[in-house]
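# Summary of the model geometry
If you want the building blocks of each chain, they are given just below.
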Amino acid sequence: MLPQPYTSMDTHRVTLGCFVLSALELLGVLDEVVSEKDRKDWIEWIYAQQRTGFVPATTANGKRTLPHPVEGIYGFAGGPFSGRPYFGEGEKAVAACEYNVYDSSHLTMTYVAIMTLVLLGDDLSRVDKESILQSMRRLQLPSGCFVPCVTDYQPDMRFVFCAAAVSHALNDWSGVDREAMLSYIRSCQGYDFGIAQCPHQESHGGSMFCAIAALGLLGGEALHDQKTILEQQQQQQQLGLDQAPLEAQLSRVGLLDKEATIKWALMRQTTGFQGRVNKPTDTCYSFWIGASLKTLGAFEHVDYDLNRGFLFETQHPAFGGFGKWVDTYPGKFLRVEHNVMHSYMGVAAMALMGEPGLQPLDPLLNISCRTRERLERETVFWKKE
Ligand SMILES: [Zn+2]
């Protein structure tokens, strides 16, 4: 059972675990404080949350071979909240993961579960990649945006990021229409060149991170902008030079005006960062906007001293960890679960600034650089034969 203040988070229990383990990893103590037994048990527990389309049928070489029995949405759920029995390892455990429409996976939980498995040293060999890719094709909308699952229709930028991160982890982008994804990200940039969750909404630091990280993971020209292309086109025109087809060039980039987007992000720094114009400074935005600026190559323009000063002020002297605001702590103003998230984000924001004693953070996947290296070197989808 989760502690009482966390019970409403039962549907994304794996996320709470990821915040805790990832903070320990950034502090450089994960291997030291997690026993081998706990590590193995937690890996089994995470795999028990996988919703797989495969019927467990073991062949001589131990592989599951039967086709998908139902057209479901596969991946990971955030916890056993529906009351499924937990069998640990073995064939019975795989059977318990069979798809049920009322207890399907969630795209964010799939991202978090995969990252946590890598954090714990798993090689992802039991991740049902084909089912996840098949599901992502069904979760992407014609606009290019994603919904996280079929029973919870809320398309926005958060799930664009999750789809990009899962595709990167599986080293396979065949579950995503990348051109449509780029088009959606462009459509969420407004008159101020910040980035919103959905078209015509207010620019927001969290959706900015989701969009910028997705562009970084897409790679290629995704992080470039249309304004620069149009300026180059104009120059070439004046010089009478041949020009590449404009439409094709514009469709390959994810930003409208990179410089203006960077300016919007930098303007959110007060001491730490606010998530939107005129909102209070909040610990987590030192990460959301900090990581975006890092990816955009403009993090050196952040005032480190002010940012660090604010983050230190949100640390609780007795409980430890970071709060959302100065003078917040479990039980005061906010429910306690916000502080597990903000505690992780505080450490992550410090890691972005290269704070001594912290491991370097990858600003695209939001895991330590060491974990990303392990993902790309030791997991089955990346390993070179
Ligand atoms: Zn926050």
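Reading the values: rules and limits
Residues numbered from 1 in each chain as written. Predicted model: local features only at pLDDT ≥ 70, side-chain atom pairs only at ≥ 80, totals over all residues. Helix = DSSP H or I, 4+ residues; strand = E, 2+ residues; numbered from the N terminus. Rg over C-alpha atoms; globule rule 2.2 N^0.38 Å. Buried ≥ 20, exposed ≤ 12 C-beta atoms within 10 Å, placed from the backbone. UniProt positions renumbered as here; feature names shortened; annotations may be inferred. Domains from an automatic or database assignment. Contact = placed C-beta atoms within 7 Å. Nonpolar A, V, L, I, M, F, W, Y, C, P; charged D, E, K, R; others polar. Core = buried A, V, L, I, M, F, W, Y, C linked by C-beta atoms within 7 Å. pLDDT = per-residue confidence, 0-100.

As a further point, take the overall build of the protein chain. When helices and strands are counted, the protein chain shows 16 helices and 4 strands. For 385 residues, the compact-globule estimate of 2.2 N^0.38 gives 21 Å, and the C-alpha radius of gyration of the protein chain, at 21 Å, lies within 12% of that figure. The C-alpha extent of the protein chain, read off along each of the three principal axes, is 70 × 55 × 40 Å. In the protein chain, which comprises 385 residues, the proportion classed as buried is 45%.

So, about the UniProt feature "signal peptide" (unreviewed entry) in the protein chain. According to UniProt, the "signal peptide" (unreviewed entry) feature falls on residues 1-35. In residues 1-35, helix accounts for 51% and strand for 0%; the two terminal C-alpha atoms are 21 Å from one another.

Moving on, we get to the domain arrangement of the protein chain. Entries for the protein chain in the domain assignment read domain 1 (1-139) and domain 2 (141-261). Each of domain 1 and domain 2 has a C-alpha centre, and the two are 29 Å apart. Counting residues at the interface gives 15 residues for domain 1, matched by 18 residues for domain 2. For the side of domain 1 that touches domain 2, the secondary-structure elements that each account for two or more residues are α5 (107-119) and α6 (129-139). In terms of residues, the side of domain 1 that touches domain 2 owes the most to one element, α6, which gives 6 residues. Residue composition of the side of domain 1 that touches domain 2, by class: 8 nonpolar, 5 polar and 2 charged.

If you trace the backbone, V101 turns up in the loop between α4 (91-95) and α5. V101 sits 29 residues away from G72 along the chain, and the two C-alpha atoms are 7.0 Å apart.

Counting residues in hydrophobic clusters, the biggest one holds 98 residues, and the most contacted among them are V160, A163, V166, A211, A214 and A348. Per-element tally for this core: the top contributor is helix α7 (residues 157-170), with 11 residues. Taken domain by domain, this core gets at least three of its residues from each of domain 1 (1-139) and domain 2 (141-261). If we ignore the near neighbours within four places in the chain, the residues touching A348 are L26, F287, L361 and N366.

A separate point is the confidence of the model for the protein chain. Per-chain confidence: the protein chain averages 90 in pLDDT, with 92% of residues scoring 70 or above. Residue range residues 65-69 is modelled with pLDDT below 50. Its contacts to residues more than four positions away, or to other chains, number 10 contacts.

By secondary structure assignment, the location of L30 is in helix α2 (residues 30-33). Separated by 193 residues in the primary sequence, L30 and L223 place their C-alpha atoms 33 Å from one another. Apart from the residues within four sequence positions on either side, L30 is in contact with L21, L24 and E25.

Notably, N171 is not glycine yet its phi reads approximately 55°, a positive angle. Examined against the element boundaries, N171 turns out to sit in the loop between α7 and α8 (178-187). What makes N171 partly exposed here is the crowd of 15 C-beta atoms within 10 Å. Its identity as a non-glycine residue notwithstanding, H200 has a phi of 70°, on the positive side. Since 8 C-beta atoms lie within 10 Å of it, H200 is described here as exposed.

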